[in-house]
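Chain residues, written in single-letter form:
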Amino acid sequence: MITANQKNIDLYLKKGVYKTDNLNVCSFKMYGDGALGSRGACLHKPYSDSPKQYGALLSSVEELKKVAKQISNSPFQLNSHAIGDSANTVLLKIYKDALIGKKDRRWKIEHAQIMQEADFDYFATGIIPSVQPTHATSDMYWAGERLGAERLKGAYAYKQLLHQNGWIPLGTDFPVENINPILTFYAATVREDARGFPANGFQKENALTPEEALRGMTIWAAKA
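On a predicted model such as this, the values are computed, not experimentally measured, just so you know.

*Asks:* Break down the sheet that holds strand 1 (residues 2-3) for me, with residues and values.
*Replies:* Ordered in space as 1-4-5-6-7, the five strands form an open sheet in which the pairing is parallel. If you trace the sheet from one side to the other, it starts and ends with strand 1 and strand 7 (128-130), each paired once. Bridge analysis of strand 5 (residues 77-82) against strand 6 (residues 108-111) gives four bridges, and the strand direction is parallel. Residue pairing in the sheet places His81 in a bridge with Glu110 of strand 6. Of the strands in this sheet, strand 1 and strand 4 (27-31) are in contact with helix 1 (residues 6-15), which crosses strand 4 at around 165°.

The following block contains the structure:
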């Protein structure tokens, strides 16, 4: 993925997709917001443990729209980092508008980590949720403090995202998380960390089956 700044967009839209036996440059990545741990993820309502903080978008809505429009009129894919529910709302709406009349573009929301219930439906329109299961088992110790119990229900909701889209690619988010694929598989299916915590799994209703997890780590990841 190429960082979606204007210099790169101008260069690669002119050059076109670059593909060799060893390298395939066919997509851009832009960043909607920051991380949950630093309270940089952009939320609709304040952080439960810091009532004056909402996080923030890293670019204006107009700038995000401009990038999406440019890339939608090219053969390139767009992938966007979105953690907070507000960032996800903004980017999903931008994607929907930019993709009108365009089929199977496979644009991805990277992380789709905290979702409003009403926004899950966007993933039924061909937008792909690209998730990293060990985020759930890394964040579970403190995510409830950041979000509160009600908002946490829409976070790390991999099964619900799968039901909307019909398929879901899984990754590691290395080097932020451990690259070991067994940890990805275990977090996705058992919803426990490497120490077996918590005993009954974290939000087990959103666990994937072993087959779903294997597909997510292999053929669905390749498709994405």
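*Asks:* An account of the packing of helix 8 (residues 181-189) against helix 9 (residues 210-217) is needed here, citing residue identities and associated values.
*Replies:* At a minimum axis distance of 9 Å, the contact between helix 8 and helix 9 shows a crossing angle of 140°. With respect to each other, helix 8 and helix 9 are oriented oblique. As for how helix 8 packs across helix 9, the hand of that crossing is right-handed. Only Pro210, Ala213, Leu214 and Met217 of helix 9 make contact with helix 8, whose side of the interface consists of Pro181, Thr184, Phe185, Ala188 and Thr189. The residue makeup of the contact of helix 8 with helix 9, split by class, is seven nonpolar, two polar and no charged.

*Asks:* An account of unusual backbone geometry is needed here, citing residue identities and associated values.
*Replies:* Geometrically, the link from Phe174 to Pro175 is a cis peptide bond, its omega value of 10° lying close to zero. Of note, Pro175 is situated in the loop between helix 7 (158-165) and helix 8. In this structure, Ala112 is a non-glycine residue whose phi angle is positive, near 40°. Residue placement: Ala112 occurs in the loop between strand 6 and strand 7.

*Asks:* I'd like a rundown of the pairing of strand 6, residues and numbers included.
*Replies:* The side chains of a regular strand alternate, first on one face of the sheet and then on the other. Each parallel crossover has a hand, and the one from strand 5 via helix 3 (residues 85-98) to strand 6 is right-handed. Alignment of strand 6 against strand 7, held across three bridges, turns out to be parallel. In the sheet register, Lys108 faces strand 7, and the bridge partner there is Ile128.

*Asks:* Outline the side chain of Arg105, supporting the account with residue identities and numerical values.
*Replies:* Relative to the helices and strands, Arg105 is located in the loop between helix 3 and strand 6. Although Arg105 is buried, it forms no salt bridge, and the closest oppositely charged side chain is Asp104 at an N-O distance of 8.6 Å. At 3.3 Å, the side chain of Arg105 forms a polar contact with the backbone oxygen of Ile71. If we ignore the near neighbours within four places in the chain, the residues touching Arg105 are Ile71, Ser72, Ser74, Pro75, Phe76, Gln77 and Leu99.

Basis of the calculations
Residues numbered from 1 in each chain as written. Predicted model: local features only at pLDDT ≥ 70, side-chain atom pairs only at ≥ 80, totals over all residues. Heavy atoms only, no water. Pairing = 2+ DSSP bridges. Helix = DSSP H or I, 4+ residues; strand = E, 2+ residues; numbered from the N terminus. Contact = heavy atoms within 4.5 Å. Axes fitted to C-alpha atoms, helices over the stretch in contact; angles between N-to-C directions. Parallel < 35°, antiparallel > 145°, perpendicular 65-115°, else oblique. Left-handed = near helix turned anticlockwise from the far one by under 90°. Nonpolar A, V, L, I, M, F, W, Y, C, P; charged D, E, K, R; others polar. Right-handed = clockwise from strand over helix to strand, strands pointing away. Buried < 20%, exposed > 50% of the residue type's maximum accessible area, 1.4 Å probe, protein only. Lys, Arg positive; Asp, Glu negative; His and termini not counted. Salt bridge = Lys/Arg side-chain N within 4 Å of Asp/Glu carboxyl O. Polar contact = N/O pair within 3.5 Å; in protein donor to acceptor, adjacent residues only side chain to side chain.

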